[in-house]
Amino acid sequence: MKEFDAYLKEFEKNVDSHIESTIKEIREFATKNKITRFVIGMSGGVDCALSSALVKKAGYEVIALTMPYEENTSKQRVKGISDAKKHCLKFDIPIYEVSITNMVNELLKEQDKIKEYLNKYNGNQKMAKANLLPRARMMNLYYVAQLVNGVVLGTGNLSEYTMGYFTKWGDGGYDYDPIIKYVKSEVYILAKRIGVIDEILNKKPSADLWDGQSDEEEMNISYYDIDNYIRFPFECDINVKLKVESAIKRSEHKKRK
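Residues numbered from 1 in each chain as written. Predicted model: local features only at pLDDT ≥ 70, side-chain atom pairs only at ≥ 80, totals over all residues. Heavy atoms only, no water.

A. Examining the packing of helix 2 (residues 15–33) against helix 3 (residues 46–57) more closely. It is at 9 Å that the axes of helix 2 and helix 3 come closest, and there the two elements cross at 75°. Relative to helix 3, the element helix 2 is oriented roughly perpendicular. Along the contact surface, helix 2 presents Ile 19, Thr 22, Ile 23, Ile 26 and Arg 27, while helix 3 presents Leu 54, Val 55 and Lys 57. The class makeup of the residues in the contact of helix 2 with helix 3 is five nonpolar, one polar and two charged. (Axes fitted to C-alpha atoms, helices over the stretch in contact; angles between N-to-C directions. Helix = DSSP H or I, 4+ residues; strand = E, 2+ residues; numbered from the N terminus. Parallel < 35°, antiparallel > 145°, perpendicular 65-115°, else oblique. Contact = heavy atoms within 4.5 Å. Nonpolar A, V, L, I, M, F, W, Y, C, P; charged D, E, K, R; others polar.)

Encoded structure:
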């Protein structure tokens, strides 16, 4: 058995203590900064489900926004909205649906005015648009947070942070992230124990950028391998090590404060 597999078994054995220590950290942050209210973007994924559940268990108010983009064109996004609402119902978290379709499309329409200029650079239009969506959501979250005297709750885990698999000034924009110290494998263990619904636990991790999109396919590496590298780097296959370290170097600019 790999050291990492043994580590995960031990982590699961002590999962309650990990939950309690994280709840303690949330309370310390909230007390120090006089915070009573958190605002979160709820996609229907395991990370936001765990973050919101932890803060709720810590005794603080959580307000959730689900912010679909052209959801009627994507079965995957429709399911994400449904799962987000089921999760919030279970944890007694108010959730509000705020479409970003018009917001994003109006901006893209304005960008068409300089389309001829932009096309000269042969940029990746698909990814540029995909990254525009989390940035639009971040703007909505901060607007609501200011109105309700709250802070924006982050939902990124250590695996995604290590790989740079987040949008700068999008889902990478937040005030406090209770799960940033946990790798994805640990997130699932914590989420299962805290009671996140099976619909969320059992689906393939995805940012829902388009139908069929998945995190692991886009990164071209499994979360297991990423997590193994983070916790036991000397145990990893050389190809895993090269992939992760290449991603770390490539995404350095995202992590500068």
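Here the narrative resumes, following the displayed structure.
B. Inspection of the packing of helix 1 (residues 3–13) against helix 9 (residues 184–194) at higher detail. The geometry of helix 1 relative to helix 9 is characterised by a closest axis approach of 10 Å and an angle of 25° between their N-to-C directions. Overall, the two elements helix 1 and helix 9 adopt an arrangement that is roughly parallel. Our pair here, helix 1 against helix 9, has a crossing hand that is right-handed. Contacts between helix 1 and helix 9 pair Phe 4, Tyr 7, Leu 8, Phe 11 and Glu 12 from the former with Ser 185, Glu 186, Ile 189 and Leu 190 from the latter. Taken together, the residues that form the contact of helix 1 with helix 9 break down as six nonpolar, one polar and two charged. (Left-handed = near helix turned anticlockwise from the far one by under 90°.)

C. The arrangement of the side chain of Arg 77 in detail. If you trace the backbone, Arg 77 turns up in helix 4 (residues 75–90). Only 2.8 Å separates the side chain of Arg 77 from the backbone oxygen of Tyr 69, close enough to count as a polar contact. Those residues in contact with Arg 77 that sit more than four places away from it in its chain are Tyr 69, Glu 70, Glu 71, Leu 133, Asp 208, Leu 209, Trp 210 and Asp 211. (Polar contact = N/O pair within 3.5 Å; in protein donor to acceptor, adjacent residues only side chain to side chain.)

D. A look at the environment of Pro 233. One can find Pro 233 in the loop between helix 12 (223–231) and helix 13 (238–250). The exposure class of Pro 233 is partly exposed, given its relative accessible area of 28%. Counting along the chain gives 159 residues from Pro 233 to Ser 74, while the straight-line C-alpha distance between them is 38 Å. (Buried < 20%, exposed > 50% of the residue type's maximum accessible area, 1.4 Å probe, protein only.)

E. Region of interest: the sheet that holds strand 4 (residues 151–152). Taken in spatial order, the four strands line up as 3-2-1-4 in an open sheet, and their pairing is parallel. Of all strands in the sheet, those with a lone pairing partner are strand 3 (95–97) and strand 4, marking the two edges. (Pairing = 2+ DSSP bridges.)

F. Local environment of the pattern of salt bridges. Following the criterion strictly, the structure yields 14 salt bridges and no others. One salt bridge in this structure joins Lys 184 and Asp 47, with 2.8 Å as the shortest N-O distance. A residue pair is termed long-range when its members are at least 10 positions apart, and Lys 184 in helix 9 and Asp 47 in helix 3 qualify at 137 residues. The exposure class of Lys 184 is buried, given its relative accessible area of 3%. (Salt bridge = Lys/Arg side-chain N within 4 Å of Asp/Glu carboxyl O.)

G. Examining unusual backbone geometry more closely. One non-glycine residue, Glu 70, adopts positive backbone phi at about 45°. Mapped onto the elements of the fold, Glu 70 is located in the loop between strand 2 (61–66) and helix 4. With phi around 55°, Asn 149 is a residue other than glycine that occupies positive phi space. Residue placement: Asn 149 occurs in the loop between helix 7 (125–147) and strand 4.

H. Summary view of the side chain of Lys 255. Here Lys 255 lies in the segment after helix 13. Although Lys 255 is buried, it forms no salt bridge, and the closest oppositely charged side chain is Glu 252 at an N-O distance of 7.8 Å. Residue contacts for Lys 255: discarding those within four places in its chain leaves Tyr 161, Thr 162, Gly 164, Phe 166 and Ile 248. (Lys, Arg positive; Asp, Glu negative; His and termini not counted.)

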